[in-house]
Amino acid sequence: MPDQQPRRHHPQPLGRPRALRLGVAGPVGTGKSSVLATLCRELAGELAMAVVTNDIYTDEDARFLRSAGVLPTERIRAVETGACPHTAIRDDVSANLDAVEDLEEEFGPLDLVLVESGGDNLTATFSPALADAQLFCIDVAGGGDVARKGGPGITGADLLIVNKTDLAPHVGVDVDTMVADARSARDGLPVLALSQHDPASIIELADWVRSVLARHRDGTHIPTDPGPMAPHSHAHHDS
Ligand SMILES: Nc1nc2c(ncn2[C@@H]2O[C@H](COP(=O)(O)OP(=O)(O)OP(=O)(O)O)[C@@H](O)[C@H]2O)c(=O)[nH]1
Ligand SMILES: [Mg+2]
């Protein structure tokens, strides 16, 4: 039986909007959890934060973040989607919304809740019902032509990260070309070349989040939908 409980709504203190919910999506292994860990390291000293991770069958991402020691462990919740990762961030976001609201109730008022999507393909995006803003991660190790392949995350996410730029020389990718390709696919939306080994890029990432949070607070940030994934079907195995 699906849970029929009515959705709970937790009032915020007067004059304070609820936490900014920032989604992080992108293909498997592109560095989403590392981006979350970095944002916690950079921002937890100034913002009240919590994290929700999504894995298909495990809570591996949550365990990675807990062991990184970047936030108190109880502020990191795992949603086990048990299905295509995009389903839980796009089609039926109730498990994720419950996790976010539970964290807000227990530890609120919060400033920022980060939600990591399970690693999927190039077409997964967050529903605006779950994420106020979303960033999409691709990495140089996936090949220099990934940025040209498009898809709603690459073209429409609030921020596109071209990640692991430190690896570019080792995989024969020219970062400037990859970033230029990404920019031309995005019609003016921002692109960030990021590496865990490049402190300046980490500062830019944290500043971007601060700027979205400021716009969320003053009411000028309008959540936008990068668009749905391509039509697809799920195989059903009854036996
Ligand atoms: N060289 C390099 N490696 C990185 C960087 N960021 C992440 N990695 C490595 O890339 C691998 C995958 O990183 P994760 O952060 O787990 O990636 P993910 O997207 O969360 O992976 P899934 O949740 O499994 O889809 C790990 O071995 C990280 O250490 C980076 O900037 N440079
Ligand atoms: Mg991860």
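Residues numbered from 1 in each chain as written. Chains lettered and ligands numbered in written order. Predicted model: local features only at pLDDT ≥ 70, side-chain atom pairs only at ≥ 80, totals over all residues. Heavy atoms only, no water.

Caption draft 1: Quick peek at the overall build of the protein chain. Helix and strand counts for the protein chain stand at eight helices and seven strands. Taking all contacts inside the protein chain whose residues are at least 6 apart in sequence as the whole, residues at least 24 apart take part in 79%. A total accessible area of about 11,200 Å² is found for the protein chain, and carbon and sulfur atoms account for 52% of it. (Helix = DSSP H or I, 4+ residues; strand = E, 2+ residues; numbered from the N terminus. Contact = heavy atoms within 4.5 Å. Areas by Shrake-Rupley, 256 points an atom, 1.4 Å probe, with all protein chains shown as cover.)

Caption draft 2: Local environment of the sheet that holds strand β1 (residues 20-25). Spatially, seven strands are ordered β3-β2-β4-β1-β5-β6-β7 in an open sheet, and the strand pairing comes out parallel. The open sheet is flanked by β3 (76-80) and β7 (191-193), the only strands paired with a single partner. For this sheet, the mean inter-axis angle between neighbouring strands, taken without regard to orientation, is 20°. Note that β1 and strand β4 (residues 112-116) share five bridges and pair parallel. Within the sheet, the bridge partner assigned to Arg-21 lies in β4 and is Val-113. Contacts between helix α7 (residues 175-186) and the sheet are confined to β5 (133-139), β6 (159-163) and β7, with β7 contributing the most and set at about 165° to the helix. With respect to the sheet, helix α8 (residues 199-218) is in contact with β1, β4, β5, β6 and β7, its orientation differing from that of β1 by roughly 140°. (Pairing = 2+ DSSP bridges. Axes fitted to C-alpha atoms, helices over the stretch in contact; angles between N-to-C directions.)

Caption draft 3: Representation of the site of ligand 1. Around ligand 1 sit 17 residues, and of these Lys-32, Ser-33, Ser-34, Asp-166 and Gln-196 come closest. At 3.2 Å from an oxygen atom of ligand 1 is found a main-chain nitrogen or oxygen belonging to Thr-30. For ligand 1, the accessible surface in isolation is 650 Å², of which the surrounding protein chains cover 69%. Broken down by element, the residue count for the shell around ligand 1 peaks at three residues, all from helix α1 (residues 32-43). Along the lines of polarity and charge, the residues of the shell around ligand 1 split into two nonpolar, 10 polar and five charged. (Near = heavy atom within 4 Å. Polar contact = N/O pair within 3.5 Å; in protein donor to acceptor, adjacent residues only side chain to side chain. Nonpolar A, V, L, I, M, F, W, Y, C, P; charged D, E, K, R; others polar.)

Caption draft 4: Region of the structure containing the coordination of the magnesium ion (ligand 2). Taken together, Ser-33 (OG), Asp-61 (OD), Asp-61 (OD) and Glu-116 (OE) make up the protein donors of the magnesium ion (ligand 2), found 2.2 to 2.7 Å from the metal. Coordination at the magnesium ion (ligand 2) is irregular, judged from the six donor atoms that bind it and the angles of 49 to 174° they form at the metal. Read in sequence order, the donor residues for the magnesium ion (ligand 2) give the motif S-x27-D-x54-E. Within this pair, whereas Asp-61 is found in helix α2 (residues 60-68), its partner Glu-116 is found in strand β4, the two being separated by 55 residues in sequence. Both residues of the pair, Asp-61 and Glu-116, count as buried. (Donors = N, O, S within 2.8 Å, 3.2 Å for Na, K, Ca; no water. Tetrahedral: all angles 85-135°; square planar, octahedral: opposite > 155°, others 65-115°. Buried < 20%, exposed > 50% of the residue type's maximum accessible area, 1.4 Å probe, protein only.)

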